[in-house]
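Remarks on the overall topology
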Amino acid sequence: MVADKNSEKSIHNNDKLDVLKSTQTVIRHALEKLGYPEEVYELLREPIRFLTVKIPVRMDDGSVKIFTGYRAQHNDAVGPTKGGIRFHPEVSEREVKALSIWMSLKCGIVDLPYGGGKGGIICDPRNMSFRELERLSRGYVRAISQIVGPTKDIPAPDVFTNSQIMAWMMDEYSRIDEFNSPGFITGKPLVLGGSHGRESATAKGVTICIREAAKKKGIKLEGARVIVQGFGNAGSYLAKFMHDAGANVIGISDAYGALHNPNGLDVDYLLDRRDSFGTVTKLFKNTITNKELLEQDCDILVPAAIENQITEDNAYDIKARIVVEAANGPTTLEGTRILSERGILLVPDVLASAGGVTVSYFEWVQNNQGYYWTEEEVEEKLEKVMVKSFNNIYDTAEMRRVDMRLAAYMVGVRKMAEASRFRGWI
Ligand code: NAD
C-alpha cells in the first residue's frame, strides 16, 4: 500500500517536472487566450519533425561506443528552424522537444525570421578527450546532415558545447556540402565567421532584462544583491556584467555546489579560475548546496543552469524580489504560480535568454551577406531588440492581467500560428 502511494506520488511529481508537458499546457492556455481553434494547438504541441540518430564513435582506447542523438524541428512556417545542440548525460527526447518549442517562442518574441529547433546527444563531455569529442561532433553532423543546412535548420551551442565544437561541425558540414558553409551553424569562432558579441549575447540579453525589470520594481542596480545559479557561458558572463554594473554578486554555483558571501564574492577571481565547463566551486571547501543558494536573501535571482530548479517545494522559500530566467525551464508551472502570487516579478526564459538566438541571427545574416559588423553595432542592435521585447511582454502581461510567462507565450506563439495559417496548413 505504502509502495503504491509512493509510486503514485512519484508519477505525479514526474508529471510536474515534465518540461514538454508544462510547455504544452502554457501553449494551450496562450492559444485559448488568443482565440485560436484546437487544430492550431494540435500543430504546435509537438515538433513537426524529430530525428533520432545513433552515432558510432571510436574511443581513444580503441573501443567503439554508440551514442544517441536527437534533432527536433518544431515549426518551419516562419522560416528555417534554429536552435542549439546540448551535450549532457540527461538529454532526453522530451527535453529536446520542449527546448525546440521554446526556441520557436523565443524567435517569435524577438521577431526573428525563424522557427525553433534543438538538438542533443546523450554523453558526458567532461569525461571525454578532445579527439573523442571531435569524432562525436562530426558523427552527429553526418547523421543529421539531410535535414539541416543554412536555409533549413541552423544549429548553435547550448549546455556543454562551445565554439570549438561549432567549428568542427561547420567543417564537417562544409565537407559534405562541398562548399564553405559558415551559415550552417552559429556560435563559431570569429575567424570562421563568428559574430562579435555572440559568446556573451545570452548574458547581455539577460542583463538588459534585469535592468528593465529592476526599473519596474524600483530597485537600483548599483548595490543590488544578485545570486546566479550556474557559472557556464550564461552564468559567468552574467556575473561579470552584474559586477561591472555595480551590483553585488553574493552567490554563484555550478553542478558541484555553491559559494555564498553576503558581503559579495570576488567575481574576477572566480572568472579567472573557472574551467571550460563552468566549474569553480570544487576549489573551495566552504560551499553550500544549489538548493540552499536559491533560498538565500537577495534582490535578484538568476537561475542560469538547468531545468526544474524552482518548484512548489521551494518557491515559498525564494527571497528575491525579481527572478530572471537565464536557463531554459528553471521554474515549474507551480513554481511560477507561487512566485507570481507572492508578488515576485518573474521574467521568463523565452524572453530573458533570447539574446543568444538574436545574436546568432545576426551571425547568420553576416555570414549570408559576407559583411561583418563591429561589436558596438551588434550590441546596439541587441539592446534595441531586447528592450522592445521586454516592454512588449511586460505591457501585454499588465493589459491582459496574466503573468509574464503566459504573456510571453501569447506573443511568441502568434507569429508561427499566423504563418501556418497563411501557408494554408490550418
Ligand atoms: P554551460 O554548459 O556553459 O554551463 C552550465 C552551468 O550549469 C555550469 O556552471 C554547470 O556546472 C552548471 N550545472 C550543470 N548541471 C547543474 C546542476 N545539476 N545544478 C547546478 N548547476 C549545474 O551552459 P550555458 O550555455 O551557460 O547554459 C546554461 C543555461 O542557459 C541552459 O539552460 C541553456 O539552455 C540556457 N541558455 C544558454 C544559451 C547560450 O547561448 N549559452 C542561450 C539560451 C539559453
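Residues numbered from 1 in each chain as written. Predicted model: local features only at pLDDT ≥ 70, side-chain atom pairs only at ≥ 80, totals over all residues. Heavy atoms only, no water.

Our focus in this paragraph is the overall build of the chain. For the chain, the count of helices and strands is 15 helices and 11 strands. Over its C-alpha atoms the chain spans a radius of gyration of 21 Å, differing by no more than 12% from the 22 Å that the globule rule assigns to 426 residues. If one aligns the C-alpha atoms of the chain with their principal axes, the spans along those axes are about 60 × 55 × 55 Å. Taken across its 426 residues, the chain has 57% of its residues classed as buried. Partitioning the contacts of the chain with sequence separation of at least 6, the portion at a separation of at least 24 is 70%. (Helix = DSSP H or I, 4+ residues; strand = E, 2+ residues; numbered from the N terminus. Rg over C-alpha atoms; globule rule 2.2 N^0.38 Å. Buried < 20%, exposed > 50% of the residue type's maximum accessible area, 1.4 Å probe, protein only. Contact = heavy atoms within 4.5 Å.)

Let us now look at a negative patch on the surface. Residues Glu375, Glu376, Glu377 and Glu380 make up a contiguous surface patch of negative charge. The exposure class assigned to glutamate 377 is partly exposed, which follows from its relative accessible area of 31%. (Patch = residues over 30% accessible without salt bridge, like charges linked within 9 Å, V, L, I, M, F, W, Y side chains within 5 Å. Areas by Shrake-Rupley, 256 points an atom, 1.4 Å probe, with all protein chains shown as cover. Salt bridge = Lys/Arg side-chain N within 4 Å of Asp/Glu carboxyl O. Lys, Arg positive; Asp, Glu negative; His and termini not counted. Charge placed at Lys NZ, Arg CZ, Asp CG, Glu CD.)

The parts lose accessible area when they come together, and the size of an interface is often stated as this lost area. Split by domain assignment, the chain resolves into domain 1 (46–181) and domain 2 (201–352). If you average the C-alpha positions of domain 1 and of domain 2, the two centres end up 27 Å apart. In this complex, domain 1 contributes 13 residues to the contact, which on the side of domain 2 involves 10 residues. Regarding the contact of domain 1 and domain 2, the summed buried area is about 1000 Å², with carbon and sulfur atoms giving 61% of it. Looking only at domain 1, the three residues that lose the most surface to domain 2 are Trp102, Lys106 and Arg126, adding up to 46% of its buried area. On the surface where domain 1 and domain 2 come into contact, there are 1 salt bridge. The salt bridge partner of glutamate 307 is arginine 86, with a shortest N-O separation of 3.1 Å. Here domain 1 is connected to domain 2 by 3 residue pairs in polar contact (both at pLDDT 80 or more). Per-element tally for the side of domain 1 that touches domain 2: the top contributor is helix H4 (residues 93–109), with 6 residues. (Domains from an automatic or database assignment. Buried area = accessible area lost by both parts, 1.4 Å probe. Polar contact = N/O pair within 3.5 Å; in protein donor to acceptor, adjacent residues only side chain to side chain.)

This brings us to the site of the ligand. Not every one of the 25 residues close to the ligand is listed here, only the nearest: Thr202, Asn233, Ala234, Gly278 and Asn328. Between the ligand and the protein, one listed contact pairs an oxygen atom with a backbone N or O atom of phenylalanine 231 at 2.9 Å. Alanine 305 has a polar backbone atom sitting 3.1 Å from an oxygen atom of the ligand. Among the residues making up the shell around the ligand, the classes are represented as 11 nonpolar, 9 polar and 5 charged. The residues that make up the shell around the ligand include at least three from each of domain 1 (46–181) and domain 2 (201–352). (Near = heavy atom within 4 Å. Nonpolar A, V, L, I, M, F, W, Y, C, P; charged D, E, K, R; others polar.)

Here we have 5 strands laid out as an open sheet, ordered S1-S2-S4-S3-S5, and mixed in their pairing. Looking at the sheet topology across the chains shown, the edges are occupied by strand S1 (49–58) and strand S5 (153–157). Taken pair by pair, the neighbouring strands of this sheet meet at an average axis angle of 25 degrees, ignoring direction. In the sheet, strand S2 (residues 64–73) pairs with strand S4 (residues 115–122) via 5 bridges, with the strands oriented antiparallel. In the strand pairing of S4, arginine 71 is matched with glycine 119. In this fold H4 packs onto S1, S2, strand S3 (81–88) and S4, with an angle of close to 150 degrees to the strand it touches most, S4. (Pairing = 2+ DSSP bridges. Axes fitted to C-alpha atoms, helices over the stretch in contact; angles between N-to-C directions.)

Taking 1.5 Å per residue, 17 residues should reach 24 Å; H4 reaches 25 Å between its end C-alpha atoms and fits that length. Summarising burial for H4: 15 of the 17 residues are buried, a large majority. At the C-terminal side of H4, aspartate 111 shows a positive phi close to 60 degrees. (Expected span 1.5 Å × (residues − 1).)

Ranked by size, the top nonpolar core spans 86 residues in total, and within it Leu105, Ile210, Val347 and Met404 carry the most contacts. Per-element accounting of this core gives the leading share, 10 residues, to helix H15 (residues 404–422). Mapped onto the domain boundaries, this core takes at least three residues apiece from domain 1 (46–181) and domain 2 (201–352). With sequence-adjacent residues up to four places away left out, valine 347 is seen in contact with Cys209, Ala213, Val323, Val324, Glu325, Ala352, Phe390 and Met404. Formed by 27 residues, the second largest nonpolar core is a distinct cluster that contains Cys123, Met128, Met166 and Trp168. (Core = buried A, V, L, I, M, F, W, Y, C linked by side-chain atoms within 4.5 Å.)

Packing of helix H5 (residues 130–144) against helix H6 (residues 163–177) brings their axes to within 9 Å, and their N-to-C directions diverge by 45 degrees. The pairing of H5 with H6 is recorded here as oblique in orientation. For H5 against H6, the interelement crossing comes out right-handed. Contacts between H5 and H6 pair Phe130, Arg131, Leu133, Glu134, Ser137, Arg138, Tyr140, Val141 and Arg142 from the former with Gln164, Ile165, Trp168, Met169, Asp171, Glu172, Tyr173, Arg175 and Ile176 from the latter. (Parallel < 35°, antiparallel > 145°, perpendicular 65-115°, else oblique. Left-handed = near helix turned anticlockwise from the far one by under 90°.)

The next thing to look at is the environment of serine 129. Along the chain, serine 129 falls in the loop between S4 and H5. Sequence separation of serine 129 and valine 40 is 89 residues, and the distance between their C-alpha atoms is 45 Å.

Here glutamate 325 shows up in the loop between strand S10 (322–324) and helix H11 (333–341). Taking relative accessible area as the criterion, glutamate 325 reaches 0% and is therefore assigned buried. There is a polar contact of 2.5 Å between the side chain of glutamate 325 and the side chain of threonine 331. A distance of 2.7 Å separates the side chain of glutamate 325 from the backbone nitrogen of aspartate 349, its partner in a polar contact. Apart from residues no more than four positions distant in its own chain, glutamate 325 is found in contact with Pro303, Pro330, Thr331, Leu346, Val347, Pro348, Asp349, Ala352, Ser353 and Arg405.

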